[in-house]
Amino acid sequence: MKNQVIIDDTTIRIMFENEDEVSRFFKKIMRFMGQIGFYVVKDKEIKKYYPTLTNSHRYGRYKDLKFKSNYWNRDIKIDFFQDINKEHSESGFYDFHKYEKMPYLIRKQYELTENKICEFLKSEGFKITNYRNEVEKGEEFIINDYIKKWHHPQKEKFDISEIEGQTAEICNSQDRDKKILYNGRTKYFRDYRGYLARGVIYHNINNMWWVLLPSGEVKNKANFELFDLKDTDFRGRVAFKNVPREYEIRKEQLALCSIKELENELKRRKRK
């Protein structure tokens, strides 16, 4: 695999053939982000909760456009987002279709930033593929996500029925009631307003699962949010308690960490 770049929604993923290049280029592109106007610093949330990962994570801001960036293995990822609140998103800056939801001026600022980054990466010899130019929905979105992500073995188009019945590691594959989750099964969850919803599930990464709704929309849910509807389950809206944003961010970061990273963090805490 030659060095290449994939743009998906407002995420720019830079992939390397040689792992030794990654940390050096991460510093280089963060310097470039500063040169085009972004204020780039260490990610405070990572520094606070996962200090051993501080050097591989950065946070940047230019007016209302922000990004979080990190590198791992052979990848560098830059996630762009806007200021988030409950009115705009149910899952923070990891919400999907961020590009479509951006206000006009912020979207134009992102487009300008993306163009500058692409020109820089082209000058460095990267091949660039922009998946945002391709309309993806429903099964197509999940299939292409499997192809694009390094932690899935699929590297070319496949029929989604081929992965039905598969599950994840045992610690990430149990629903709310400790039942094993399998690709292609229908599960219930509550949306961000507390209403019941259901869809067909497919494993994403770690304990996160894609949920394909009948409308074709795709949600990203943790394993413990999924369940089979019981007679004892309340059918109406359940009002959620107001959870501190600090806790939500911490939970989101945990969901993105690999098992190895979590094990290293536990070891670090034990040493303290």
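The rules we used
Residues numbered from 1 in each chain as written. Predicted model: local features only at pLDDT ≥ 70, side-chain atom pairs only at ≥ 80, totals over all residues. Heavy atoms only, no water. Helix = DSSP H or I, 4+ residues; strand = E, 2+ residues; numbered from the N terminus. Contact = heavy atoms within 4.5 Å. Pairing = 2+ DSSP bridges. Axes fitted to C-alpha atoms, helices over the stretch in contact; angles between N-to-C directions. Buried < 20%, exposed > 50% of the residue type's maximum accessible area, 1.4 Å probe, protein only. Parallel < 35°, antiparallel > 145°, perpendicular 65-115°, else oblique. Left-handed = near helix turned anticlockwise from the far one by under 90°. Nonpolar A, V, L, I, M, F, W, Y, C, P; charged D, E, K, R; others polar. Core = buried A, V, L, I, M, F, W, Y, C linked by side-chain atoms within 4.5 Å.

A. A look at the side chain of Ser-173. Looking at where Ser-173 falls in the secondary structure, it is placed in the loop between helix 5 (139-148) and strand 8 (186-190). When residues no more than four places from it in sequence are discounted, the contact partners of Ser-173 are Thr-167, Ala-168, Lys-179, Ile-180, Leu-181, Trp-209 and Asn-223.

B. Expanded view of the sheet that holds strand 3 (residues 39-42). Sheet architecture is open: 7 strands sit in the order 3-4-5-6-2-1-7, paired in mixed fashion. Each edge of the sheet is formed by a strand with only one pairing partner; in this case those strands are strand 3 and strand 7 (127-130). Taken over all neighbouring pairs, the strand axes of this sheet differ in orientation by 15° on average, direction set aside. The pairing of strand 3 with strand 4 (residues 57-62) spans 4 bridges and is classified as antiparallel. Bridge pairing in strand 4 places Lys-42 opposite Arg-58. Along the sheet, helix 1 (residues 22-35) makes contact with strand 2 (11-15), strand 3, strand 4, strand 5 (65-72) and strand 6 (75-82), crossing strand 5 at roughly 170°. Packing of helix 4 (residues 104-123) onto the sheet brings it into contact with strand 1 (4-8), strand 2, strand 4, strand 5, strand 6 and strand 7, and relative to strand 2 it is tilted by some 10°.

C. Region of interest: the pairing of strand 2. A large share of strand 2 lies buried, amounting to 5 of its 5 residues. Between strand 1 and the antiparallel strand that follows it, strand 2, lie 2 residues; Asp-9 among them carries a positive phi value of about 60°.

D. Local environment of the packing of helix 1 against helix 4. Contact geometry for helix 1 and helix 4: axes closest at 11 Å, N-to-C directions at 135°. Comparing the axis directions of helix 1 and helix 4 gives the class oblique. In this structure, the crossing between helix 1 and helix 4 has a hand that is right-handed. In this structure, helix 1 contributes Phe-25, Lys-28, Ile-29, Phe-32 and Met-33 to the contact, and helix 4 contributes Thr-113, Lys-116, Ile-117, Phe-120 and Leu-121. A class-by-class count of the residues in the contact of helix 1 with helix 4 yields 7 nonpolar, 1 polar and 2 charged.

E. Spatial organisation of the nonpolar core. In terms of nonpolar packing, the biggest core is built from 28 residues, with Ile-12, Ile-14, Phe-25, Ile-29, Met-33, Phe-80 and Leu-121 touching the most fellow members. Ranked by the residues each element gives to this core, the list is headed by helix 1, at 7 residues. Excluding anything up to four places from it in sequence, Ile-12 contacts Val-5, Ile-6, Ile-7, Ile-76, Lys-77, Ile-78, Phe-80, Tyr-110, Ile-117 and Leu-121. Core analysis: the second largest hydrophobic core is formed by 12 residues, Phe-141, Ile-143, Ile-147 and Ile-160 among them.

F. Main features of the sheet that holds strand 10 (residues 208-212). One open sheet holds the 4 strands; their spatial order is 8-9-10-11, and the pairing between them is antiparallel. Whereas interior strands pair on both sides, the edge strands pair on one side only; in this sheet they are strand 8 and strand 11 (218-222). Across the sheet, the mean angle separating the axes of adjacent strands is 50° when strand polarity is ignored. Where strand 9 (residues 196-205) meets strand 10, 5 bridges bridge the pair, whose relative direction is antiparallel. Looking at strand 10, one finds that Ile-205 is bridged to Met-208. Of the strands in this sheet, strand 9, strand 10 and strand 11 touch helix 5, which is tilted by about 150° from strand 10.

The quantities given are spatial measurements derived from coordinates; they are silent on function.
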